[in-house]
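# Close look at the chain arrangement
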Amino acid sequence: LRERDVDGRVEAVLGDMTDVLPDGPFDAVLVAYNTIFNVLDAGDQERLFTAVEQRLRPDGVFVVEAFVPEVDAGTRTCDVGVRSMAADHVVLSVSVQRPDEQRAEGQFVHLSADGGVQLRPWAIRWATTLQLDDMAAAAGLRLDERLHDMSGAPFTDESAQHVSIYRRPDPR
């Protein structure tokens, strides 16, 4: 599904970001708020970097905003917690972490007297900043800058999130 806004400058595309990308060329492509981790296969994440690189103008940038995973080769863990609660409802967060697969999946379980049970599933396949850098390099992009967040704060070893800016080299 493609749709343009009234002045024609923004095109919304509904589809899998590894397969349905606008043609380009673009000065910048942004994958915000952990969205890259919604691509659940490492090979598909790599294909996404390649597809973006092919659509960038020379000197264009691919900006990836994501959390920095805690790398722990430990065993599978399960968590259940209260996300929110009021007099008429409760929302639970139920998740399973699989560090050996770099995956996590879960459900937000909404329980209410008038709405019964509603389930909102989610799943991610996370990658470390080094793995993202390797995917970018394999696609022909180079890390230009890494920030802590969109405000431009410096990235440090303690940063729990990052904004990585990968640049397509200009052959000139």
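Quick summary incoming for the structure in this document. (Residues numbered from 1 in each chain as written. Predicted model: local features only at pLDDT ≥ 70, side-chain atom pairs only at ≥ 80, totals over all residues. Heavy atoms only, no water.)

## Points about the environment of Y33
Note on placement: Y33 falls in the loop between strand 3 (26-31) and helix 1 (42-55). Counting along the chain gives 75 residues from Y33 to F108, while the straight-line C-alpha distance between them is 18 Å. (Helix = DSSP H or I, 4+ residues; strand = E, 2+ residues; numbered from the N terminus.)

## Section: unusual backbone geometry
Following G24, the chain continues to P25 via a peptide bond in cis, the omega torsion being 5 degrees. Residue placement: P25 occurs in the loop between strand 2 (11-13) and strand 3. At N34, a position not held by glycine, the phi torsion is positive, near 65 degrees. Following the sequence through the fold, N34 ends up in the loop between strand 3 and helix 1. Taking relative accessible area as the criterion, N34 reaches 21% and is therefore assigned partly exposed. In this model, D59 sits at a positive phi of 75 degrees, which is unusual for a non-glycine residue. By the element assignment, D59 lies in strand 4 (residues 56-67). (Buried < 20%, exposed > 50% of the residue type's maximum accessible area, 1.4 Å probe, protein only.)

## Topic: the nonpolar core
Of all hydrophobic cores here, the largest spans 24 residues; its most connected members are I36, F49, F62, L132 and Y166. Residues in contact with L132, not counting those within four places in the same chain, are I36, F49, V64, A127, H162 and Y166. Counting residues in each nonpolar core, the second largest holds 5 residues, with V61, V63, L147 and I165 among its members. (Core = buried A, V, L, I, M, F, W, Y, C linked by side-chain atoms within 4.5 Å. Contact = heavy atoms within 4.5 Å.)

## Digging into the sheet that holds strand 7 (residues 103-112)
By definition, the strands of a sheet pair up through backbone hydrogen bonds, in either a parallel or an antiparallel sense. Spatially, 5-6-7-8 is the arrangement adopted by the 4 strands of the open sheet, whose pairing is antiparallel. The open sheet has two free edges, formed respectively by strand 5 (77-86) and strand 8 (116-125), since each of these has just one partner strand. Along the sheet, successive strands turn relative to each other by an average axial angle of 15 degrees, direction set aside. (Pairing = 2+ DSSP bridges. Axes fitted to C-alpha atoms, helices over the stretch in contact; angles between N-to-C directions.)

## A look at the packing of aromatic side chains
Considering all chains together, one arrives at 3 aromatic pairs under this definition. Measuring from centroid to centroid gives 5.7 Å for F49 and Y166, while their planes differ by 80 degrees, and the two rings are edge-to-face. Note that F49 is positioned in helix 1 and Y166 in strand 10 (residues 161-167), a separation of 117 residues in sequence. When its relative accessible area of 0% is taken as the criterion, F49 is described as buried. One aromatic cluster in this structure is built from F49, F62 and Y166. Stacked on the ring of F155, the Lys or Arg R146 has its end atom at 5.8 Å from the ring centre. (Phe/Tyr/Trp six-rings, centres within 6.5 Å; stacked < 30°, edge-to-face > 60°. Lys NZ or Arg CZ within 6 Å of the ring centre and 35° of its normal.)

Function cannot be inferred from these measures alone, as they are strictly geometric.
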